[in-house]
Amino acid sequence: MDQIPYIKPEKLREFTNNRRQDFTLLFKKLKAKKPKNLDDVVHELHNEAFDQFDCLTCANCCSTISPVITEKDAERMAKRLKMKAVDFISQYLRIDEDKDYVFKQTPCPFLMSDNYCMVYEDRPKACREYPHTDRKRMYQILNLTHKNCEVCPVVFCITDELARNSVFKV
Ligand code: SF4
Ligand code: SF4
């Protein structure tokens, strides 16, 4: 995989839109065929990408989207901030259209100016797992992966690589 550059969210949206036809076809085929080696191929690209790309130079995810926050996440972060969970929820969270807790605002209230996370050790599970390209059964989250191309330079580059890979040629 080539060197991954930092790409601003507005540029990623434009690039993803320019590749919409290719990416849509790729994900449609992957959903239909569920290739046995899909996880292995994606995980290898994920490892290769994050070996060379430093999230501290990016923070697009923390700046533009909110993770889903579970009650356990909220309790853990509240404890760290020495707050009652109920106060933490009322100050920082709202319920979204899927009835999940998310942060009231983006950028995330815990994103610092140097792109470090103020609650890193106690961050939500969804933050730990983002951008999900190392999880098992990738075929289950292909729509989400397509959406994340607009946010995460690594996901965009992995998807671009998959679209060009002869195993999954579109
Ligand atoms: S809690 Fe931390 S890792 Fe999660 S979105 Fe906020 S700044 Fe980013
Ligand atoms: S996970 Fe993706 S969007 Fe988030 S900081 Fe890392 S490279 Fe950027």
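Only a predicted model underlies this, so the values are computations on that prediction, with no experimental measurement involved.

S.K.: Help me understand the site of ligand 1 in this model?
M.R.: Taken together, C62, P67, C108, F110, L111, C117, V119, R123, P124 and C127 make up all the residues around ligand 1. Tallied by class, the residues present in the shell around ligand 1 amount to nine nonpolar, no polar and one charged.

S.K.: What is the right way to read the domain arrangement of the protein from this model?
M.R.: The accessible area lost on association of the parts is a frequent measure of interface size. We note that the domain assignment places domain 1 (23–51 + 131–168) and domain 2 (63–129) within the protein. Distance from the C-alpha centre of domain 1 to the C-alpha centre of domain 2: 27 Å.

S.K.: Looking at this structure, I do not really get the site of ligand 2. What am I missing?
M.R.: In the vicinity of ligand 2, the contacting residues are F53, C55, C58, A59, N60, C61, Y130, P131, V151, C152, P153 and V154. If you list the elements that add at least two residues to the shell around ligand 2, you get helix 4 (60–64) and helix 9 (153–164). Of the residues assigned to the shell around ligand 2, the class counts are 11 nonpolar, one polar and no charged.

S.K.: Could you clarify how one ought to interpret unusual backbone geometry in this entry?
M.R.: Apart from glycine, the bulk of residues carry a negative phi angle, and the bulk of peptide bonds sit in the trans form. A cis amide bond links T106 with the next residue in sequence, P107, at an omega value of -5°. Positionally, P107 belongs in the loop between strand 2 (101–103) and helix 7 (125–129). Cis geometry is adopted by the peptide bond preceding P131, which originates at Y130 and carries an omega value of 5°. Although it is not a glycine, K82 adopts a positive phi angle of roughly 55°. The topology assignment puts K82 in the loop between helix 5 (71–80) and helix 6 (85–92). You can call K82 exposed: it has 6 C-beta atoms within 10 Å.

Definitions and cut-offs
Residues numbered from 1 in each chain as written. Chains lettered and ligands numbered in written order. Predicted model: local features only at pLDDT ≥ 70, side-chain atom pairs only at ≥ 80, totals over all residues. Near = placed C-beta within 6 Å. Nonpolar A, V, L, I, M, F, W, Y, C, P; charged D, E, K, R; others polar. Domains from an automatic or database assignment. Helix = DSSP H or I, 4+ residues; strand = E, 2+ residues; numbered from the N terminus. Buried ≥ 20, exposed ≤ 12 C-beta atoms within 10 Å, placed from the backbone.

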